[in-house]
Amino acid sequence: MRKTLVSSAIAVVMMSATLTPAAAADPTSHSPWGTIDAQDRRPAAALPDAGIARRCEGAPTLRTTRADGNRGRSAQVTGMLSSTARFTHLLAGTEDDGSLDEATDTGVGAGRTGVHVTATIGDGPHADAGDATGDFDFYRLQAYVGQTITAKITEGTVDAALTLYDAAGRVLAGADDSAGTLAPTLIGKVSAPGTYYVMVSGSGARPADPTDSGSGNGGTSTGTYTLSLSATTVRTQYYAVHLRAGDVVGASVDGSPDKVALYAPDGTLDVGSTGDVGHNHPASSPLPSGKVSLDDVAAEDGWYCVAVSGDTRGAYRLKLLTTRPSLEGTGQEQTIFLDFDGARIDPSVFASSGLPVTPGPRTTSALRAFLAAWGLPRSAEKPLADAITAQVRRSLRSGLGAAGITKRSGVRILSSAHDADPGDAKNVHRVVVGGTIAETGLPTLGITSSIDPGNFDTADTSIVLLDLLSGPAGDSISLNHYMTSSSDRIKFVSTVVTNLVAHEIGHALGNWHTATDGTSTLMDNDDTFLGTGPDGVGGTEDDESPQTFGTDAFSDADGLTGVENTAVRTAYALSR
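Quick caveat, the model's predicted, so the values are computed rather than measured.

With respect to the overall build of the chain
Here's step 1: For the chain, the count of helices and strands is five helices and 30 strands.
Here's step 2: Split into buried and exposed, the 576 residues of the chain put 59% on the buried side.
Here's step 3: For the chain, the proportion of contacts with a sequence separation of at least 24, taken over those separated by at least 6, is 77%.
Here's step 4: In the form shown here, the chain has an accessible surface area of approximately 20,500 Å², with 50% of it arising from carbon and sulfur atoms.

Rendered as structure tokens:
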């Protein structure tokens, strides 16, 4: 997990933006990133599917040039977005503005197209100085079919979250952070005219009842914020690019836009981003970074569509880079070493995660230190380590098989229970299984040093901490909460730890979190890793199998929309 404890994750369905018809761009070419020919506009008839044709009809083709040796190709273009939004400054609402009925009327949709407002989370009657159920600021606006509601935190000190409600109090969209920043952006297309509400809160906070300002789930981050809110026709410009299956692609935009997106050959949204995913890439990754950026791994050959959009008029610069996975064609294997014996680790390797880190080497407790807390004898150490190792191997094999490129992939899993420590050998990803929050200073269940599409850093570090998982039975994050005298403890503990270990390996191989939406995959940002089955007891016959890589919607916690094929990302990261 990249940021917070999974047990506190909030289930939010992100509204995927339905973008407007292709707008003609007026790009100019720049070197050394390559060129774009504004006269070479790809006709709809040349595109293989009507879906992408609707978005890319008449769009200019990105012509890429060599970027990094013979593996990468890149292009850079500049353009200009127009906008119908005009912004006025709005005074902060008067407390209590923590519910639908008490919302501050912005006037958006009734004579205004957009507002900026500066206010505070933590000054209401339900903040820490009150009953500590949480402070929320609601804003009311009107919007119409074809418009897009854009809400974004542009500055401030609060770790903020945004939620969009309809007039009946139903959640339509949410945004809690964006990659590389604690300032989220929420974008959603309006499908029915009416009254809408945008709520600003601290990260992870939401009222159980949006009509009751005192129904929050407890204390959250507090501080100031500036909200930009509009309801307007968002301008979008499109560019066509041809990709091969397995191409690792990155696109970044600086300037006025709020979002960059990549559409697949069938016209579906592969990934849309409102944050800078490059913040989480390793230093060795060639993928570009910017105000907003995205990454992807092409699942098939074909014409893809890059879309740049925003509600603010202004110039922008788009960079695009495509390359191949780092180990492809080298014949080299990726080694993953599962370290159950305790390790010396410097938390500063996790600095890009957003967690607070204190540099300096730390010593972590070995797996054996947690056995007694799970009711396991010392003799269970090796069987437990072996079960975790075997299941991690199966998890990776399932991902490779699902992607259909197993003949081109190479990975070996080593375990400290049987294998010598490879130390600083080449292409070794170390996963420490053990340690505590107190030992590492990392308030999480698990963390990885980077999210790395293409596997450009083959020497990542991950850790899965075991203190919360082995805590008292009264704590719902503890595995003891789910075990009884009838539980197969080695089976249950090994399955849960496997899910967490494979999840962190998934990050290192380029996967982002997937949504809490009823589809259980390895990259889910929720508590499905427990897999207790219908009876709610771990280590029984109805337990779920270890999670696998698959296809699922991105989690809004990372500021991403679209559908992530984690099997494809994993398999190509291991291609050789």
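Regarding a negative patch on the surface
Here's step 1: A cluster of acidic residues, Asp-101, Glu-102, Asp-209 and Asp-212, forms a negative patch on the protein surface.
Here's step 2: Along the polypeptide, Asp-101 turns up in the loop between strand 5 (87-90) and strand 6 (104-105).
Here's step 3: Judged by relative accessible area, Asp-101 falls into the exposed class, the value being 67%.

A closer look at the sheet that holds strand 11 (residues 171-176)
Here's step 1: Spatially, 6-8-13-10-11 is the arrangement adopted by the five strands of the open sheet, whose pairing is mixed. Each edge of the open sheet is held by one strand with a lone partner, namely strand 6 and strand 11.
Here's step 2: Pairing of strand 10 (residues 160-166) with strand 11 involves five bridges; the strand directions are antiparallel. Paired with Leu-164 across the bridge in strand 11 is Ala-173.

Focus on the environment of Thr-195
Here's step 1: Here Thr-195 is to be found in strand 13 (residues 194-202).
Here's step 2: For Thr-195, a relative accessible area of 21% gives the class partly exposed.
Here's step 3: Considered as a pair, Thr-195 and Ala-143 are 52 residues apart in the sequence and their alpha carbons are 6.6 Å apart.
Here's step 4: In this view, Thr-195 contacts Arg-140, Leu-141, Gln-142, Asp-166 and Ala-167; residues no more than four positions away in its chain are not counted.
Here's step 5: A polar contact is formed between the side chain of Thr-195 and the side chain of Gln-142, at a distance of 2.8 Å.

Comments concerning unusual backbone geometry
Here's step 1: Put simply, Glu-95 and Asp-96 share a cis peptide bond, and its omega is 10°.
Here's step 2: The residue Asp-96 is located in the loop between strand 5 and strand 6 in this model.
Here's step 3: The phi torsion at Asn-455 lies on the positive side, around 55°, for a residue other than glycine.
Here's step 4: Considering the arrangement of structural elements, one finds Asn-455 in the loop between strand 27 (446-448) and strand 28 (461-464).
Here's step 5: For Asn-455, a relative accessible area of 1% puts it in the buried group.

Concerning empty space enclosed by the protein
Here's step 1: One pass over the full model with this rule turns up five cavities of 30 Å³ or more.
Here's step 2: Taken together, the residues of the lining of the second largest cavity break down into three nonpolar, eight polar and two charged.

Some words on helix 4 (residues 489-508)
Here's step 1: Compared with an ideal rise of 1.5 Å per residue, which puts 20 residues at 28 Å, helix 4 spans 29 Å between its outermost C-alpha atoms and is within 8% of the ideal.
Here's step 2: The buried fraction of helix 4 amounts to 17 of the 20 residues, a majority that puts the element mostly inside the structure.
Here's step 3: In the segment just after helix 4, Gly-510 is the residue with positive phi, at about 105°.

A word on the side chain of Gln-237
Here's step 1: Residue position: Gln-237 is located in strand 15 (residues 235-243).
Here's step 2: Of the polar contacts made by the side chain of Gln-237, one reaches the backbone oxygen of Met-80; its length is 2.7 Å.
Here's step 3: At a separation of 2.3 Å, a polar atom in the side chain of Gln-237 contacts the side chain of Tyr-316.

As for the sheet that holds strand 9 (residues 148-156)
Here's step 1: With mixed pairing, the five strands of this open sheet are ordered in space as 5-7-14-9-12. Two strands in the sheet have a free side with no partner beyond their single neighbour: strand 5 and strand 12 (185-189). In this sheet, neighbouring strand axes are inclined to one another by 20° on average, regardless of whether the strands run parallel or antiparallel.
Here's step 2: Both strand 5 and strand 7 (residues 114-121) contribute to a ladder of four bridges, which runs parallel. In the strand pairing of strand 7, Thr-88 is matched with Val-115.

With respect to the nonpolar core
Here's step 1: Counting 45 residues, the largest nonpolar core has Trp-374, Leu-396, Leu-466, Leu-479 and Val-501 as its most contacted members.
Here's step 2: Secondary-structure elements contributing two or more residues to this core are strand 22 (334-339), helix 2 (381-403), strand 26 (428-433), helix 4 and helix 5 (566-573).
Here's step 3: At eight residues, the largest contribution of residues to this core is made by helix 4.
Here's step 4: When near neighbours in sequence (up to four residues on either side) are disregarded, Trp-374 contacts Leu-367, Leu-384, Leu-466, Leu-469, Ser-470, Leu-479, Asn-480, Met-483, Arg-489 and Val-493.

Details of the side chain of Asp-296
Here's step 1: Tracing the backbone shows Asp-296 in strand 19 (residues 292-297).
Here's step 2: Leave out the neighbours within four places in its chain, and Asp-296 touches Asp-247, Val-248, Val-249, Leu-262, Asp-270, Val-271 and Arg-569.

Structural notes on the environment of Thr-120
Here's step 1: Note on placement: Thr-120 falls in strand 7.
Here's step 2: Through-space distance from the C-alpha of Thr-120 to that of Phe-136 is 9.4 Å; in sequence the pair is 16 residues apart.
Here's step 3: Excluding residues that lie within four positions of it along the chain, Thr-120 makes contacts with Glu-95, Asp-135, Asp-137, Gly-223, Thr-224 and Tyr-225.

Digging into helix 5
Here's step 1: For helix 5, a buried count of eight out of eight residues is recorded, marking the element as mostly surrounded by other parts of the structure.
Here's step 2: Those residues of helix 5 lying buried are Thr-566, Ala-567, Val-568, Arg-569, Thr-570, Ala-571, Tyr-572 and Ala-573.
Here's step 3: Looking at where helix 5 begins, the residue whose side-chain oxygen comes 3.3 Å from the main-chain nitrogen of Ala-567 is Asn-565.

Basis of the calculations
Residues numbered from 1 in each chain as written. Predicted model: local features only at pLDDT ≥ 70, side-chain atom pairs only at ≥ 80, totals over all residues. Heavy atoms only, no water. Helix = DSSP H or I, 4+ residues; strand = E, 2+ residues; numbered from the N terminus. Buried < 20%, exposed > 50% of the residue type's maximum accessible area, 1.4 Å probe, protein only. Contact = heavy atoms within 4.5 Å. Areas by Shrake-Rupley, 256 points an atom, 1.4 Å probe, with all protein chains shown as cover. Patch = residues over 30% accessible without salt bridge, like charges linked within 9 Å, V, L, I, M, F, W, Y side chains within 5 Å. Salt bridge = Lys/Arg side-chain N within 4 Å of Asp/Glu carboxyl O. Lys, Arg positive; Asp, Glu negative; His and termini not counted. Charge placed at Lys NZ, Arg CZ, Asp CG, Glu CD. Pairing = 2+ DSSP bridges. Polar contact = N/O pair within 3.5 Å; in protein donor to acceptor, adjacent residues only side chain to side chain. 1 Å grid on protein atoms, 1.4 Å probe; cavity = no way out; pocket = protein on both sides within 12 Å on 5 of 7 lines; lining within 4 Å. Points joined across faces, edges and corners; volume = space filled by probe spheres on them. Nonpolar A, V, L, I, M, F, W, Y, C, P; charged D, E, K, R; others polar. Expected span 1.5 Å × (residues − 1). Axes fitted to C-alpha atoms, helices over the stretch in contact; angles between N-to-C directions. Core = buried A, V, L, I, M, F, W, Y, C linked by side-chain atoms within 4.5 Å.

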